[in-house]
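Topology and contacts: notes
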Amino acid sequence: MKWILCFTIIVVLLGTALFLTKTAKADEYVQGKKLYSDKCQICHGAKGDGNGSAGAALSPKPADFTSPTFWQGNVDKKITGTIENGHGMMPSFDLKPAEIKDIIDYLAHTFKPKS
């Protein structure tokens, strides 16, 4: 009888942990989407293809997140460095590491081509 109670408690705790993890991931995605919309979309576009309304006037053109070439190498480092330091016409942004991670996760889940 005791083992059934212990087993039930373990199952409930694992289920709760799994639910909270999925909820946290969903919150990070929503935060990344909001940050992208607020800070990146005007140049990189709603489709992430570098064709945003302000991006048309830039040379070189903003990065195309839908291109397989963009996703080569250490992308997390590349995106983090670009956000923190700027690149070409792109200014730097003062974002917290967690916010940058949220943007990276959003970009990868939304624009990265499927292999």
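The structure we're discussing is the one just above.
The numbering scheme is per chain: residues are counted from 1 as the chain's sequence reads. The predicted origin of the model limits local features to residues at a pLDDT of at least 70 and limits the giving and counting of side-chain atom pairs to 80 or more, whereas totals for whole chains, interfaces and linings rest on all residues. Hydrogens and waters are ignored; side-chain quantities use all the structure's heavy atoms.

Concerning the overall build of the chain
We count it as follows: Only DSSP runs of H or I covering at least 4 residues are called helices, and only runs of E covering at least 2 are called strands; the numbering of each starts at the N terminus. Accessible surface area values rest on a Shrake-Rupley calculation with a 1.4 Å probe, where residue burial reflects the displayed protein chains alone.
Across its full length, the chain carries three helices and zero strands. Secondary structure elements of the chain occur, N-terminal to C-terminal, as α-α-α. Of the roughly 8,100 Å² of accessible surface on the chain, a fraction of 64% belongs to carbon and sulfur atoms.

Some details on the environment of Thr82
Test applied: Exposure categories follow from relative accessible area, calculated using a 1.4 Å probe and restricted to protein chains: below 20% of the type maximum is buried, above 50% is exposed, and the middle band is partly exposed. We call two residues in contact when some of their heavy atoms are within 4.5 Å.
Along the chain, the position of Thr82 falls in helix α2 (residues 75-85). Assessed through its relative accessible area of 21%, Thr82 is described here as partly exposed. In this structure, the C-alpha to C-alpha distance between Thr82 and Ser92, residues 10 residues apart in sequence, is 7.0 Å. With sequence-adjacent residues up to four places away left out, Thr82 is seen in contact with His87, Met90 and Pro91.

Things to note about the nonpolar core
Within soluble globular proteins, side chains that are nonpolar generally end up buried alongside one another. We count it as follows: Grouping buried Ala, Val, Leu, Ile, Met, Phe, Trp, Tyr and Cys residues that are joined through side-chain atoms within 4.5 Å yields what is termed a nonpolar core.
In this structure, Tyr36, Ile79 and Leu107 are the most contacted members of the largest nonpolar core, which totals 16 residues. Of all the elements in the fold, those that place two or more residues in this core are α1 (2-44), α2 and α3 (97-110). When residues in this core are grouped by element, the largest group, five residues, is from α3. In this view, Ile79 contacts Phe70, Ile104 and Leu107; residues no more than four positions away in its chain are not counted.

Structural notes on the pattern of salt bridges
Basically, it comes down to this: Whenever a carboxyl oxygen of Asp or Glu lies within 4 Å of a side-chain nitrogen of Lys or Arg, that contact is scored as a salt bridge.
Inspection of every chain in the model, using the stated rule, returns three salt bridges. A salt bridge links Glu28 to Lys101; its shortest N-O distance comes to 4.0 Å. Pair noted here: Glu28 is in helix α1 and Lys101 is in helix α3, with a separation of 73 residues, a long-range link. Under the relative-accessibility criterion, Glu28 is labelled partly exposed at 24%. According to the relative accessible area criterion, Lys101 is partly exposed, its value standing at 39%.

Notes on α2
Quick note on the threshold: Here, the arc refers to the directions that run from the helix axis to the C-beta atoms.
Considered for burial, the residues of α2 that qualify are Val75, Ile79 and Ile83. The buried side chains of α2 occupy one side of the element, clustering within an arc of 60° when seen end-on. Across from the buried face of α2, at angles greater than 90 degrees, the exposed residues are Lys77 and Asn85. In the core, the buried residues of α2 are packed alongside α3. Positive backbone phi, approximately 80°, marks Gly86, located one or two places after α2.

Some remarks on the side chain of Asp102
Just so we agree on the cut-off: Residues scored as positive are Lys and Arg, those scored as negative are Asp and Glu, and His as well as the terminal groups of each chain are ignored.
Here Asp102 is to be found in helix α3. Here Asp102 sits buried without a salt bridge, and the closest side chain of opposite charge, Lys101, lies 5.4 Å off (N-O distance). When sequence neighbours within four positions are dropped, the list of residues in contact with Asp102 reads Glu28, Gln31 and Gly32.

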